[in-house]
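# Residue-level structure breakdown
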Amino acid sequence: MFMRYFLPAGLALLAIPFVGFGLWLATLQAAPATFAPPAISRAETEVMLSALKPPKRARPLIAVVGINDATETTDYLMPVGILRRADIADVTTLSSGSGSVKLYPALTIEADATIAAFDALHPKGADYVIVPAMSRDDDPVVTVWLRKQAEGGAIIIAICAGAKVVASAGLLDGGRATTHWYYLGELLKRHPSIRYVADRRMVLDRGIATTTGITASMPMMLTLIEVIAGRGKAEAVARALRQEGWSAGHDSGSFRFTRPFVATVLGNRIAFWNRDRFGVALEPGMDEVSLALVADAWSRTYRSSVEIFAASPTAVTTRNGVRVLPDQVVVSWAGERLMPDKPPAEALDSTLQEIAARHGQGTADVVAMQLEYPQQGKGR
């Protein structure tokens, strides 16, 4: 009798979450067909360029800060690599405390200094502070320091979900801002006085710049190079990166949860038996931006992981002076290897094509959506 009446009822209860998920999935839209950012007037661009001018030094001092236990890979390394390549500022990498900096979803590096050591060396503070996404938005060492730097006249640049860190420091209250599409709702819920600006990849208000998702750090850095050293210098760096332009225009509506996105992520997670483990050999002088983009992209497929290996446990110095530590100390890698040997923008496009060839276009689109990257053919 118990089984006759209660087993069907129990099965019905178990089915409720799946029915609810199915109904939610049905409410999601299909993937956008095109990427159509608005044209940005020259007048609007000039306002941003003027407001970003170095506040203190002719050759600016730029600090890129992260917490030791988890700072986003590309958010941290792309600004460093691009700005040092341009050689128009003194760029230093900082950590919240002593020890290595674990980046996510891949790589571990040694920062140039701790926040405390930077303050002792530069009591007047930085000209610019770049804030990547971090696993914790309210690290007290970072938030107190950000307020101090802003009070000292530094321009704060939040990359991606770094906006949440800057907001936790109280620096976005009542201001105009943007952030990664995935974290927008959370940001506005926690800080309701923020005025969100759609369709802009970069927003600057009252000395605080914010950007959309991860790959927006490239146009943001090119904009900063243009401010410091002129349009010609920025164009030269963009050509070396294989980046076509750096407009602030963005199609915010193209980045959101869609049925294909959710279905692909779910399918890739379920396929636990089919996982790739790639190795990247650490080589002196390798391009840290290409390395970051390739490792970041492959680590976001929900089907693969990336490990960095070298024959020695000591840090290897990249093209622009970033010290990267290996995950594995081995002479050779038995599995498949990745070769981040192309210029940065080209390396990312090529990686997305390789992901599509291996796992399908849906997975490549999932990666591009996480990176908030308008893929080739849909505009940049």
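Report follows, based on the coordinates. (Residues numbered from 1 in each chain as written. Predicted model: local features only at pLDDT ≥ 70, side-chain atom pairs only at ≥ 80, totals over all residues. Heavy atoms only, no water.)

## Examining the overall build of the chain
Worth spelling out the cut-off: Secondary structure counts use DSSP, requiring at least four H or I residues in a row for a helix and at least two E residues in a row for a strand, with both numbered from the N terminus. The buried label applies to any residue whose accessible area, calculated with a 1.4 Å probe on protein chains only, is under 20% of its type's maximum; exposed applies above 50%, and partly exposed to all values in between. Note that accessible areas follow from Shrake-Rupley with a 1.4 Å probe, and for residues the cover is restricted to the protein chains shown.
Broken down by element type, the chain carries 13 helices and 17 strands. Taking all 380 residues of the chain together, the buried fraction comes to 54%. Carbon together with sulfur atoms contributes 58% to the accessible area of the chain, which is approximately 16200 Å² in total.

## What about the pairing of strand E13 (residues 276-281)?
Applicable threshold: A pair of strands counts as paired when DSSP detects no fewer than two bridges linking them. Handedness of a crossover is defined as follows: orient the strands so they point away from the viewer, and if the path from the first strand over the helix to the second runs clockwise, the crossover is right-handed.
A large share of E13 lies buried, amounting to 5 of its 6 residues. Relative to strand E14 (residues 304-310), E13 runs parallel, the two being bridged by 6 bridges. Paired with Arg-277 across the two strands is Ser-305, which belongs to E14. Of the crossover connections in this fold, the one passing from E13 over helix H11 (residues 288-298) to the parallel E14 is right-handed.

## Details of the pattern of salt bridges
How we decide: Salt bridges, as used here, are contacts in which a Lys or Arg side-chain nitrogen is within 4 Å of a carboxyl oxygen on Asp or Glu.
Applying the stated criterion across every chain yields a total of 27 salt bridges. In this structure, the salt-bridge partner of Glu-110 is Arg-323, at a minimum N-O distance of 3.2 Å. Here Glu-110, found in strand E5 (residues 108-110), pairs with Arg-323, found in strand E16 (residues 323-325); they are 213 residues apart in sequence, far enough to count as distant. Since its relative accessible area comes to 31%, Glu-110 is described here as partly exposed. You can call Arg-323 partly exposed: its relative accessible area is 26%. Among the ionic contacts, a cluster of salt bridges with common partners joins Arg-42, Glu-46, Glu-226, Arg-231 and Glu-235.

## Comments concerning the environment of Val-101
Which entries qualify depends on this criterion: By definition, residues are in contact when any of their heavy atoms lie within 4.5 Å.
Topologically, Val-101 is positioned in strand E4 (residues 101-104). Judged by relative accessible area, which is 0%, Val-101 ranks as buried. Apart from residues no more than four positions distant in its own chain, Val-101 is found in contact with Ile-67, Asn-68, Thr-71, Ser-95, Leu-107, Thr-108, Ile-109 and Ala-111.

## Quick look at the packing of helix H3 (residues 73-86) against helix H8 (residues 217-229)
Packed helix pairs are specified by the crossing angle of their axes together with the interaxial distance, meaning the distance between the axes. What counts here: Comment: axis = line fitted to C-alpha atoms, over the contacting stretch for helices; angle = value between 0 and 180 degrees taken between N-to-C directions. Convention used here: angles under 35 degrees read as roughly parallel, angles over 145 as roughly antiparallel, angles from 65 to 115 as roughly perpendicular, and any remaining angle as oblique. By convention, the crossing between two helices is left-handed when the near helix turns anticlockwise from the far helix through less than a right angle, and right-handed when the turn is clockwise. Polarity classes work like this: nonpolar for Ala, Val, Leu, Ile, Met, Phe, Trp, Tyr, Cys and Pro, charged for Asp, Glu, Lys and Arg, and polar for all others, with Gly in that last group.
It is at 9 Å that the axes of H3 and H8 come closest, and there the two elements cross at 30 degrees. Taken as axis vectors, H3 and H8 run roughly parallel relative to one another. The element H3 and its partner H8 pack so that their crossing is right-handed. On H8, the residues touching Thr-74, Met-78, Pro-79, Ile-82, Leu-83 and Ala-86 of H3 are Ser-217, Met-218, Met-221, Leu-224 and Ile-225. For the contact of H3 with H8, a count of residues per class yields 9 nonpolar, 2 polar and no charged.

## Some details on the side chain of Thr-178
Along the chain, Thr-178 falls in the loop between strand E9 (176-177) and helix H7 (184-190). The exposure class assigned to Thr-178 is buried, which follows from its relative accessible area of 1%. What Thr-178 contacts, discounting residues up to four positions off in sequence, is Ala-163, Tyr-196, Val-197, Arg-200, Arg-201, Val-203, Thr-210, Thr-211 and Thr-212.

## Some details on the sheet that holds strand E8 (residues 155-158)
The mixed open sheet is built from 7 strands, whose spatial order is E6-E3-E1-E7-E8-E12-E11. A single partner strand is all that each edge strand has here, and the edge strands are strand E6 (113-114) and strand E11 (202-205). Bridge count for strand E1 (residues 61-66) against strand E7 (residues 128-131) is 3 bridges, and the pairing is parallel. Note on E7: the bridge partner recorded for Ala-63 is Val-129. Lying over the sheet, H3 contacts E1, strand E3 (90-95) and E7, oriented at roughly 160 degrees with respect to E3.

## Observations concerning H8
Working note: α-helix, 3.6 residues per turn, so residues spaced by three or four point in the same direction. For the record, the criterion: Expected span of a helix: the number of residues minus one, times 1.5 Å.
Helix length check: H8, at 13 residues, gives a terminal C-alpha distance of 18 Å against a target of 18 Å (1.5 Å per residue), a fit within 8%. The element H8 is largely enclosed, with a buried count of 12 among its 13 residues. Buried within H8 we find Ser-217, Met-218, Pro-219, Met-220, Met-221, Leu-222, Thr-223, Leu-224, Ile-225, Glu-226, Val-227 and Ile-228. Positive backbone phi, approximately 100 degrees, marks Gly-230, located one or two places after H8.

## A look at the sheet that holds E5
Spatial strand order, E2-E4-E5-E16-E15: 5 strands in an open sheet with mixed pairing. Looking at the sheet topology across the chains shown, the edges are occupied by strand E2 (71-72) and strand E15 (316-317). In this structure, E5 lies alongside E16, joined through 3 bridges in antiparallel fashion. Looking at E16, one finds that Ile-109 is bridged to Val-324.

## Comments concerning the packing of H3 against H11
Between H3 and H11, the shortest axis-to-axis distance is 8 Å and the interhelical angle comes to 160 degrees. With respect to H11, the axis of H3 lies roughly antiparallel. Considering how the two elements wind past one another, H3 and H11 form a crossing that is left-handed. Here H3 contributes Thr-73, Thr-74, Leu-77, Met-78, Gly-81 and Ile-82 to the contact with H11, which in turn contributes Glu-288, Val-289, Ala-292, Leu-293 and Asp-296. In terms of residue class, the contact of H3 with H11 is built from 6 nonpolar, 3 polar and 2 charged.

## Considerations on the nonpolar core
Note the following rule: Side-chain atoms within 4.5 Å are what join buried Ala, Val, Leu, Ile, Met, Phe, Trp, Tyr and Cys residues into a set we call a nonpolar core.
Ranked by internal contacts, the top residues of the largest apolar core, which has 78 residues, are Ile-62, Ile-82, Leu-83, Ile-109, Ile-157 and Ile-225. Each residue touching Ile-109, except ones within four places of it in the same chain, is listed here: Tyr-76, Leu-77, Ser-100, Val-101, Leu-103, Val-322, Arg-323, Val-324 and Leu-325. If you look at the next biggest cluster of nonpolar residues, it comprises 28 residues, including Leu-61, Ala-126, Leu-171 and Ala-177.

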